[in-house]
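# Tertiary structure, described
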Amino acid sequence: MGHSLSHAVIVNVADLGRSPRAQFHAASLARNGWRVTILAAPGSALFSEVGENPNIEVVSVPGFGVVGEGGLLRKSWAWGRGLARALAALEWNPEWVWVMSPPAVPVFQVVRRWVRGRTGVRVLVDWHNLGYTRLANRLGDHHSWVRCYRFLELGKWSADTHHLTVSDALRGQLMTLGVGPEVAVLTDCNPSWRSFPVRDRTSFLARWGARFPHLDAASIWIVHPHSWSSDESPEWTLDLLDRIGIDVNVQFMITGDGPRREAFARQLQENGIPERAVTLAFLPPEGYVDLLANADWGLCPHTSSSGLDLPMKLADMRGAGLPALVYRYGPVLDEIFAEPDDGVFFRSIDELEARVRSIASGDLLPPTPGRGSHWEEQWDKIVLPRLIA
């Protein structure tokens, strides 16, 4: 066990229920005897290991829910004001402030200012992407706001700040950009307590069938866990459904929730996509893992603003032993995905359509991926020594 009186604060601007990595960190800290306060946006259901853990307190921060609405300045103002008030309301200083990034601005600036002058408070930043590259996707690489964001995101880190990231490729880029002097890699994977059930479609439909009224137990199930964020364009799936319709014995299930989901549902209707071909459903954590365990293939059309991050959904699929169709946006994917053992890549909509038709015809059979290591194994080896040093 770790130090029973130690206290860590995790800052997670996004919906905590849709931020498994932040929850995994909290559960690992609590398992090692730490008290954890999570400052986060209210929203989706949490894993029971977090939501029901007496050593974990979740504080809903006003303003953190403003993620998909309004302009950059409005969102930044809401995040910064909400975080400053939440930190000021803490009853005592924690040993660690843990920042999930992006977003980086103004979170980094608020945390630095709050930590300054407080003895014994250290900062750990967990990078899953570079925020300025997301902004560049919208405004262009040379926009003044992008240059300003990049400066604020990468500059002025003290030598005693610790850094984690999700991939070796992102670690290399951060080191090149002057973040450091050390950046450790903690790859996404599933904790041992997140169990995946055995495949049993009869049981699945009995429990969750009301959310999938057109689902046929005998068809081929392809599940697309969708973040509904800018890193994942729904046009891939829409174009694919337009092309194949109900010509093949394949049914798609698109999970997740977000601001772009309603527009996508309307587009499905306007394009005349039959309800039998695709279902949009938001499931609680136990329903999501049950769906992955019963699907035949996963679909991951995730793109990356930096080309250096890795989608959590691939870790989910590996945990379920589910092969995947993965858009190859960069060499970083080779760190966690091996073709053909874990599934197959596609590089265009034409190639994706061909893959799906091969699956439907039986020419492309699903492999059985290895389930990989557990989160606790990596966390105890990579993170825990840094906390108690």
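Since we're looking at a predicted model, the values are computed, not measured.

## A few points about the packing of helix 5 (residues 131-139) against helix 6 (residues 144-154)
Where helix 5 meets helix 6, the closest approach of the two axes is 9 Å, and the angle between their N-to-C directions is 175°. Between helix 5 and helix 6, the angle is such that the two are roughly antiparallel. Where helix 5 abuts helix 6, its residues Gly-131, Tyr-132, Leu-135, Ala-136 and Leu-139 lie against Trp-145, Val-146, Tyr-149, Arg-150, Glu-153 and Leu-154. Class assignment of the residues belonging to the contact of helix 5 with helix 6 gives a composition of eight nonpolar, one polar and two charged.

## Remarks on the sheet that holds strand 7 (residues 184-185)
If you trace the seven strands from one edge of the open sheet to the other, you get 3-2-1-4-5-6-7, paired in parallel fashion. The open sheet terminates on both sides in strands that have one partner only, identified here as strand 3 (56-60) and strand 7. As defined by bridge partners, strand 5 (residues 122-127) adjoins strand 6 (residues 162-165) across four bridges and the pair is classed as parallel. Bridge pairing links Leu-124 to His-162 in strand 6. Taken strand by strand, helix 1 (residues 20-31) contacts strand 1 (7-15), strand 2 (35-41), strand 3, strand 4 (96-101), strand 5 and strand 6, and its axis lies near 165° from that of strand 1. Here helix 4 (residues 107-115) sits on the sheet and contacts strand 1, strand 4 and strand 5; the angle it forms with strand 4, its principal contact strand, is near 170°.

## Topic: the packing of aromatic side chains
For the coordinates displayed, the defined rule picks out eleven aromatic pairs. A centroid spacing of 5.8 Å and a plane angle of 45° characterise the contact between Tyr-327 and Phe-346, whose relative ring orientation is tilted. In this pair, Tyr-327 sits in strand 12 (residues 324-327) while Phe-346 sits in strand 13 (residues 343-346), placing the two residues 19 residues apart along the sequence. In this pair, the class of Tyr-327 matches that of Phe-346, namely buried. Pairwise contacts between aromatic rings join Phe-24, Phe-47, Trp-193 and Trp-375 into one cluster. Across from the ring centre of Tyr-132, 5.3 Å away, lies the NZ or CZ of Arg-150, which sits over that ring. The cationic tip of Arg-201 hangs over the ring face of Trp-221; the distance from NZ or CZ to the ring centre is 3.8 Å.

What counts and what doesn't
- Residues numbered from 1 in each chain as written.
- Predicted model: local features only at pLDDT ≥ 70, side-chain atom pairs only at ≥ 80, totals over all residues.
- Heavy atoms only, no water.
- Axes fitted to C-alpha atoms, helices over the stretch in contact; angles between N-to-C directions.
- Helix = DSSP H or I, 4+ residues; strand = E, 2+ residues; numbered from the N terminus.
- Parallel < 35°, antiparallel > 145°, perpendicular 65-115°, else oblique.
- Contact = heavy atoms within 4.5 Å.
- Nonpolar A, V, L, I, M, F, W, Y, C, P; charged D, E, K, R; others polar.
- Pairing = 2+ DSSP bridges.
- Phe/Tyr/Trp six-rings, centres within 6.5 Å; stacked < 30°, edge-to-face > 60°.
- Buried < 20%, exposed > 50% of the residue type's maximum accessible area, 1.4 Å probe, protein only.
- Lys NZ or Arg CZ within 6 Å of the ring centre and 35° of its normal.

Keep in mind these numbers describe shape, not what the thing actually does.
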